[in-house]
Amino acid sequence: MKYDRIWNFNPGPAAVPLEVLEQVHESWFNLNRSGMNVMEMSHRSKEYEAIHNRAKELIKQLLGFGNNYHVLFLQGGASLQFAMMPMNFLNGKTADYIHTGSWAGKAIKEAKLFGTVNLAFDGKPVNFNRLPRQDELKLTPGAAYVHLTSNETIGGIQFHSFPDTKGVPIVADMSSDILSRRFDPTPFGLIYAGAQKNLGPSGVTLVVMRDDFYKTAREGLATMLSYKTHDDENSLYNTPNTFGIFFMCKVLEWVTGLGGMVEMERRNREKADTLYNFIDGSGGFYRGTAEKESRSWMNACLRIPSEELEAKFISEAKTAGFIGLKGHRSVGGIRVSMYNAVPIDAIRDLIGFMKSFQAKNG
Ligand SMILES: *Cc1c(COP(=O)(O)O)cnc(C)c1O
């Protein structure tokens, strides 16, 4: 393969599009005849500001956020948002949380520091192998928001349609599936996502807030922990991750050039269908851990008959040029992460490997 690259199924940080790497490489010593790398520019310069604002615009265009949405680029990862969001919006009130796995659990832990958390659904009794049905949700009338994790990266389950929250704004951690498919932004009050799965490098956190929800934020917080500070200053109150935002801008241009979210969604559906169809047709040798309707298009979690075979699979896969397939240490097994930058050819080649592994060990 070009540059001797391998098929990278890392869960995050994860593969980025080769075309983007090439463009960033080209710009390394002299971006747009500035004589500098973007990292060497002032974050207050016209040149940098154009990149910053272009990234914002592309997010809005690609995901269909109208002018009533505010786009921020913050730091601290999705993990800081677990606390910063309730610090701004919970403020002693009650919020509903949908508990679907590891990441939702971390968000819940932080929210409890700032108000009352009602578990609208607890997936623990079903081993977090599926999402709630609408009629299972115990929603609180007048809740400040309903929090959900659109894709549980570790458990491999994903919302394929979002719940009806009866007008209560949805707050979503979309770290591992933003930009992977289309969705209607209307019910969302706030969306946050660490960049390192689908958007680019780690160190940038995207936050998108709907204006009417944003207006319910409390005041009097520490400067850096208040969304208002960042919104008032176009995410330039302090020095942002300028390189990360530049890189993200290139990723957004790549997605736009391919045909935007329609094409991204087509690709991701095709990859997931191809892999899951193979798993389901493997006569039980490969077994998906999530219920079918909740299966993630981004992270497919599977088991094979024994833990010894799983270890052998991961090690032989690595030798054959497929990396990042080990399940998270909390759940074990095998996880195939197939974010936007992973092409269908990677899935086809992996299936070829899986077939021969089964033939030898099945
Ligand atoms: C990776 C991930 C996180 C953690 O993001 P950080 O940027 O490392 O804080 C949170 N939520 C989900 C769903 C993730 O996939």
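Predicted model only: the values in this text are computed from it and were never measured.

Rules and cut-offs
Residues numbered from 1 in each chain as written. Predicted model: local features only at pLDDT ≥ 70, side-chain atom pairs only at ≥ 80, totals over all residues. Heavy atoms only, no water. Near = heavy atom within 4 Å. Polar contact = N/O pair within 3.5 Å; in protein donor to acceptor, adjacent residues only side chain to side chain. Areas by Shrake-Rupley, 256 points an atom, 1.4 Å probe, with all protein chains shown as cover. Helix = DSSP H or I, 4+ residues; strand = E, 2+ residues; numbered from the N terminus. Nonpolar A, V, L, I, M, F, W, Y, C, P; charged D, E, K, R; others polar. Phe/Tyr/Trp six-rings, centres within 6.5 Å; stacked < 30°, edge-to-face > 60°. Buried < 20%, exposed > 50% of the residue type's maximum accessible area, 1.4 Å probe, protein only. Domains from an automatic or database assignment. Buried area = accessible area lost by both parts, 1.4 Å probe. Salt bridge = Lys/Arg side-chain N within 4 Å of Asp/Glu carboxyl O. Pairing = 2+ DSSP bridges. Right-handed = clockwise from strand over helix to strand, strands pointing away.

**Details of the site of the ligand**
And step 1. Taken together, 13 residues lie near the ligand, and Ser79, Thr153, Asp173, Gln196 and Lys197 sit nearest.
And step 2. Within the side chain of Ser79, a nitrogen or oxygen atom sits 2.6 Å from an oxygen atom of the ligand.
And step 3. Contact distances for the ligand include 2.9 Å between an oxygen atom and a side-chain N or O atom of Gln196.
And step 4. For the ligand, whose free accessible area comes to 390 Å², the fraction covered by protein is 86%.
And step 5. Tallying contributions element by element places helix 3 (residues 77-89) first for the shell around the ligand, with four residues.
And step 6. Classifying every residue of the shell around the ligand gives three nonpolar, eight polar and two charged.

**Brief notes about the packing of aromatic side chains**
And step 1. By the definition in use, this model includes 24 aromatic pairs.
And step 2. Relative to Tyr145, the ring of Tyr97 has its centre 5.8 Å away and its plane inclined at 70°; by these criteria the two rings are edge-to-face. Placement of Tyr97 in strand 3 (residues 94-99) and of Tyr145 in the loop between strand 4 (116-122) and strand 5 (146-149) is noted, with a sequence separation of 48 residues between them.
And step 3. The buried category is assigned to Tyr97, whose relative accessible area is 1%.
And step 4. Residue Tyr145 is classed as buried on the basis of its relative accessible area of 0%.
And step 5. Considering the side-chain rings of Phe285 and Phe357, the 6.4 Å spacing of their centres and the 50° angle between planes classify their relative orientation as tilted.

**Topic: the domain arrangement of the protein chain**
And step 1. For the protein chain, the assigned domains read domain 1 (21-257) and domain 2 (260-361).
And step 2. For the pair domain 1 and domain 2, the two sides together bury roughly 2,100 Å², of which 55% comes from carbon and sulfur.
And step 3. If you look at where domain 1 meets domain 2, you find one salt bridge.
And step 4. Measuring nitrogen to oxygen at the nearest pair gives 3.1 Å for the salt bridge that ties Glu265 to Arg182.
And step 5. For the interface between domain 1 and domain 2, the tally reads 14 residue pairs in polar contact (both at pLDDT 80 or more).
And step 6. For the side of domain 1 that touches domain 2, the elements supplying multiple residues, two or more each, are helix 2 (46-63), strand 7 (157-158) and helix 7 (242-258).
And step 7. No other element matches helix 7, which puts three residues into the side of domain 1 that touches domain 2.

**What to know about the pairing of strand 3**
Residues in a regular strand point their side chains to alternate faces of the sheet.
And step 1. When you tally the buried positions in strand 3, you get five out of six residues, the bulk of the element.
And step 2. Judged from the six bridges that link them, strand 3 and strand 4 form a sheet pairing that is parallel. Across the sheet, residue His99 finds its bridge partner in strand 4, namely Asp122.
And step 3. Crossover connection from strand 3 via helix 4 (residues 102-111) to parallel strand 4: handedness right-handed.

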